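# Structural description and commentary
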Amino acid sequence: MQYYKKDKDKLVCLLCSYYCKLKTNQTGICGVNKNTDDKIECLVYGHISALNNDPIEKKPLYHFLPKSKSLSLGTVGCNFKCPFCQNYGISQEKNIDKSKYYSPKDIVNIALQYNCESISYTYNEPTIFYPYAKDIAIEAKKHGIKNVYVSNGFESKEVIDDMLGIIDAVNIDLKCFNDKYYKKELGGNLNQVLENLKHFKKNGIWLEITTLIVPTKNDTYEELEKIAKFIKDELDIYTPWHLSSFHPDYKDLDLPRTSLETLKMAKKIGEDNGLKYVYIGNVPYENSTFCPNCNEVIIKRNRFEVLQNSIKNQHCPKCQYKIQGVYPKMKTIRKTGFAGSFYPQEKEEILKYIDEFNKQITINGSFDTRAMIVPHAGYVYSGFTANIAYNICKDKKPKRVIVIGPSHSMYYEGASIALYDEYETPFGNINIDKEYSNNLKDKYDFLSFDDNMHLEHSTETQAPFIKHYFANTQIVEIVYGKMPFEDLSSLIDEVLEDKENLLLISTDLSHFYTQEEANKLDNICLNAIEKKDMSLFDNGCEACGKLGVKALIYSAIKKDMKSKVLHYCTSFDKTKDASRVVGYTSALVGY
């Protein structure tokens with residue numbers, strides 16, 4: 001969106017419904033958007049005046065990610081002049097403190113640091129700094145963080161449409177139902193706020209409404225009923241209505257606090273008009289959410305604190321009635337299937353293995369590793385060999401680890417990519433990079449998602465190592481069946497291009513030959529890897545994950561990468577039975 005348009009010798013600001021026509025060097029009603037000759041500049045971009053980690057209930061939003069934290073920020077300036085504003089120290093301020101600059105990435109990093117599920121643009125009117133808020137919101141979306149507007153509802157229609165896919169929820173102040181009060185004392189006009197409320201609802205942005213009940217200004221039965229009827233008739237009965245208690249502030253110091261009786265009257269008006277979710281705020285009073293169907297308490301609150309949340313998949317747990325709002329989706333988890341067999345079920349037991357493995361490592365050296373070849377048998381057999389590769393790469397900090405392994409349990413044409421939310425390990429769950437995984441699935445025709453393919457030990461045995469050595473990484477799991485190695489290599493080419501990726505190719509070598517025969521066959525595979533000799537893969541090399549290894553080496557040749565075999569052994573080292581062994585190796589590919 002372009003935030004202005006030309007009108008002869010002026011520029012028209014498109015951020016709010018005032019549509020200020022500004023001459024060069026003129027600033028809009030908000031005091032922070034200025035015509036700088038060839039554009040309208042948002043002067044507060046990057047310069048915040050308030051930053052807090054708040055409960056989402058404080059916005060207030062009661063039907064949006066309950067019990068979550070929202071990083072809340074504001075700047076100076078406002079396009080309204082409300083005489084009761086509790087944030088007048090920043091909203092009515094025109095001097096901008098530019099001593100510190102926060103980029104959109106800075107704000108998102110702070111939100112990530114404090115595990116905030118959303119970022120709220122609040123304290124002053126966010127519409128006036130929409131260019132900044134939008135850039136933050138776009139960056140936040142990359143990390144799965146949602147975005148919230150707490151607003152007076154005087155946005156331009158252009159901004160409301162631009163918010164689609166960017167802003168997830170809004171709380172709009174419907175300050176009264178009296179146009180004269182809006183125009184004379186507050187700012188804007190009632191009709192435009194009402195039209196914008198309908199616009200938000202039409203665009204599918206989650207909407208909650210707040211009315212600060214100010215004694216002698218908007219507290220009559222008739223006016224409150226007009227608000228309730230508007231919500232019911234023009235929005236819907238499921239739109240939450242927050243009734244907030246006034247306390248003397250700014251210019252309205254002579255008015256009394258809102259009485260509890262008035263708040264109760266307003267709540268009854270809303271409920272009598274059919275509204276399902278009416279809440280009293282800013283006073284110690286019951287503000288829980290009840291199921292509209294069976295009257296079960298489904299979210300119990302003490303002011304901003306959620307004491308109990310019983311909603312299950314957006315429904316009442318007692319009668320299954322749908323509770324409107326935006327709630328966390330139940331996370332899907334790629335559950336462990338081989339803990340307790342291929343590797344220990346307990347974290348402490350795995351750590352004992354790793355500690356013992358690391359005592360025996362003598363290999364070191366520098367290598368810009370982009371990919372690893374690792375075995376996937378039980379840790380007692382191949383864990384040491386795999387751990388060498390992980391230990392050498394322990395100082396890497398990959399954004400994501402892509403682990404590719406063969407299917408051992410079912411016939412499959414093509415490959416399956418895991419589209420769960422998390423990957424379970426004894427060390428704790430690993431976040432699956434679903435955005436990256438979905439992008440790969442959309443790009444490569446041979447990729448799909450089949451839940452049955454992911455009960456697979458070739459990839460799962462890598463997960464505890466990944467979580468231990470790369471604690472903050474995300475994971476992408478691909479399990480392949482029958483397919484051309486060239487197709488898999490094309491995907492590997494893309495994976496290797498991104499320096500933030502670490503690729504793992506899982507394979508064991510020959511199976512169930514004598515020790516002597518296994519050494520001969522496995523040596524062919526080792527030479528194919530070390531020498532990048534594609535002809536050897538089809539001349540005696542045996543490996544359950546040969547297709548993946550072959551695809552990687554094919555990509556390494558195209559990219560002029562080096563390969564280095566780290567270790568080789570067979571199961572004989574543990575069983576001492578030379579009649580029937582399995583071979584294992586680990587190797588690095590990079591520069």
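Structure's up top.
Below: a short report on this structure.

## Quick notes on the state of the cysteines
Evaluated as defined, the whole model comprises 1 disulfide. A disulfide bridge connects Cys525 with Cys541, and the sulfur atoms are separated by 2.0 Å. Measuring handedness by torsion sign, the sulfur bridge of Cys525 and Cys541 sits at about 100° and is right-handed. Within this pair, whereas Cys525 is found in helix H15 (residues 515–530), its partner Cys541 is found in the loop between H15 and helix H16 (546–558), the two being separated by 16 residues in sequence. We classify Cys541 as buried; its relative accessible area is 6%. Of the cysteine sulfurs around Cys16, a residue in no disulfide, the closest is that of Cys20, at 5.7 Å. When its relative accessible area of 10% is taken as the criterion, Cys16 is described as buried.

## Some points on the sheet that holds strand E10 (residues 169–173)
Overall, mixed pairing links the 8 strands, which are arranged E6-E7-E8-E9-E10-E11-E12-E13 in an open sheet. Since the sheet does not close on itself, it has two edges, and those belong to strand E6 (50–55) and strand E13 (278–281), each with one partner. The mean inter-strand angle of the sheet, taken between neighbouring strand axes irrespective of direction, is 20°. In the sheet, E10 pairs with strand E11 (residues 206–213) via 5 bridges, with the strands oriented parallel.

## Let's talk about the packing of helix H9 (residues 347–359) against helix H10 (residues 379–392)
Remark: H9 packs on H10, axes separated minimally by 9 Å, with the N-to-C direction vectors making an angle of 65°. By the angle between their axes, H9 is roughly perpendicular relative to H10. Crossing of H9 over H10 shows right-handed handedness. Counted together, Ile350, Tyr353, Ile354, Phe357 and Asn358 of H9 and Tyr379, Val380, Gly383, Phe384, Asn387 and Asn391 of H10 form the full contact between these two elements.

## A few points about the sheet that holds strand E22 (residues 430–431)
Within the open sheet, the 3 strands sit side by side as E17-E21-E22. Their pairing is mixed. Looking at which strands have only one partner, the edges of the open sheet turn out to be strand E17 (333–334) and E22. When strand E21 (residues 422–423) meets E22, the two strands line up antiparallel, connected through 2 bridges. Bridging from a neighbouring strand, Glu422 pairs with Asn431 of E22.

## Topic: the pairing of strand E12 (residues 241–245)
For E12, the tally of buried residues reaches 5 of 5 residues, placing the bulk of the element in the interior. The alternating pattern of E12 places Trp241, Leu243 and Ser245 and His242 and Ser244 on opposite faces, both of which are buried. Where E11 lies against E12, 5 bridges are found, and the strand directions are parallel. Within E12, the position partnered with Ile213 by the bridge is Ser245. In this sheet, E13 lies alongside E12 in parallel orientation, the contact comprising 4 bridges. By the bridge assignment, Leu243 is partnered in E13 with Ile280. A crossover links E12 with its parallel partner E13, the connecting element being helix H8 (residues 260–272), and its sense is right-handed.

Each value, and the rule that gives it
Numbering of residues begins from 1 in every chain and follows the order in which that chain's sequence is written. Local features in this predicted model are restricted to residues whose pLDDT is 70 or higher, and side-chain atom pairs enter the listing and the counts only when it is 80 or higher, whereas totals over whole chains, interfaces and linings include all residues. To get the side-chain values, all heavy atoms of the structure are used, and hydrogens and water are removed first. Criterion for a disulfide: a pair of cysteine sulfur atoms within 2.5 Å. The numbering of helices and of strands both runs from the N terminus, where a helix is a DSSP run of H or I of at least 4 residues and a strand a run of E of at least 2. When accessible area is computed with a 1.4 Å probe and restricted to protein chains, residues below 20% of their type maximum are described as buried, those above 50% as exposed, and intermediate ones as partly exposed. Here a strand pair is declared whenever DSSP counts at least two bridges between the two strands. All axes here are fitted lines through C-alpha atoms, helices being fitted over the stretch that makes contact, and every angle between N-to-C directions spans 0 to 180 degrees. What sets the label is the angle itself: under 35 degrees gives roughly parallel, over 145 gives roughly antiparallel, 65 to 115 gives roughly perpendicular, and the rest give oblique. Crossing handedness follows the turn of the near helix against the far one: under a right angle anticlockwise gives a left-handed crossing, and clockwise gives a right-handed one. Only heavy atoms matter for contacts: two residues are in contact if any of them lie within 4.5 Å across the pair. Whether a crossover is right-handed comes down to one check: with the strands pointing away from the viewer, does the path from the first strand over the helix to the second run clockwise; if it does, it is right-handed.

Any link to function would need more than the numbers given here.
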